[in-house]
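Each chain is listed here by its residues.
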Amino acid sequence: MDSTAQAEHSAEMAYDVFSKLCPSRGTLEHVTGRWGALTLGALHDGTFRFNELRRRVDGVSEKMLSQTLHALERDGLVRRDAQPTNPPRVDYQLTPLGREITDRLMDLIHFVEGRMDGVIEARERYDERAAGGR
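Okay, so let's go over this structure. Position labels on residues start from 1 in each chain and follow its written sequence. Reporting in this predicted model follows two pLDDT cut-offs: at least 70 for local features of residues, and 80 or more for side-chain atom pairs to be given and counted; totals over whole chains, interfaces and linings ignore these cut-offs and use all residues. Calculation of side-chain values draws on the structure's entire complement of heavy atoms; hydrogens and water are dropped beforehand.

1. Here's the deal with the pattern of salt bridges
Then, in step 1: Each salt bridge in this description consists of a side-chain nitrogen of Lys or Arg and a carboxyl oxygen of Asp or Glu lying within 4 Å of one another. What the rule picks out here adds up to three salt bridges.
Then, in step 2: Asp91 is the salt-bridge partner of Arg89, the closest N and O atoms lying 3.1 Å from each other.
Then, in step 3: Type-normalised accessible area, obtained with a 1.4 Å probe on protein chains alone, sets the label of each residue: buried when under 20%, exposed when over 50%, and partly exposed for intermediate values. Residue Arg89 is classed as partly exposed on the basis of its relative accessible area, which comes to 34%.
Then, in step 4: Looking at Asp91, the relative accessible area reads 11%, which means it is buried.

In structure tokens:
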């Protein structure tokens, strides 16, 4: 490995999400939390205005979506574009980093969706066993 590759590898390994003080924990939480994952997933399809996102992410409150978008914007995953129009127009879209992370997140989302029959069967078996123990 040449010195540039070693430096890049060292930089990649500088963060440890399993360490309680690692700043990557917060970003991981923003990406994998319910509203973060769903918001990023919705933005994977394109640019949306706030209310369009709110409708797309069914069940999210205005307050939670606002907090989620702020956190994702702060992490550099979402770009907020405010147009100086009357009324003001604000669009949200993924940044290049957000797109890269969301591509991987969408793989997980599609994988989980594709395995839901097995998950539902496992839940039913678990619930039957749990009910038998009462």
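2. Some remarks on the environment of Arg74
Then, in step 1: Strands here are runs of E lasting at least two residues and helices are runs of H or I lasting at least four, both read from the DSSP assignment and numbered beginning at the N terminus. Along the chain, the position of Arg74 falls in helix H5 (residues 62-74).
Then, in step 2: For Arg74, a relative accessible area of 75% gives the class exposed.
Then, in step 3: Placed 47 residues apart in sequence, Arg74 and Thr27 show a C-alpha to C-alpha distance of 9.6 Å.

3. Some thoughts on the side chain of Thr39
Then, in step 1: Of note, Thr39 is situated in helix H3 (residues 34-43).
Then, in step 2: Here, residues are in contact when the closest pair of their heavy atoms is within 4.5 Å. Beyond its immediate stretch of four places on either side in the chain, Thr39 contacts Leu53, Val57, Leu65, Thr68, Leu69 and Leu72.

4. Thoughts on unusual backbone geometry
Then, in step 1: Cis geometry marks the peptide bond from Asn86 to Pro87; its omega dihedral reads 0 degrees.
Then, in step 2: Mapped onto the elements of the fold, Pro87 is located in the loop between strand E2 (78-83) and strand E3 (89-94).

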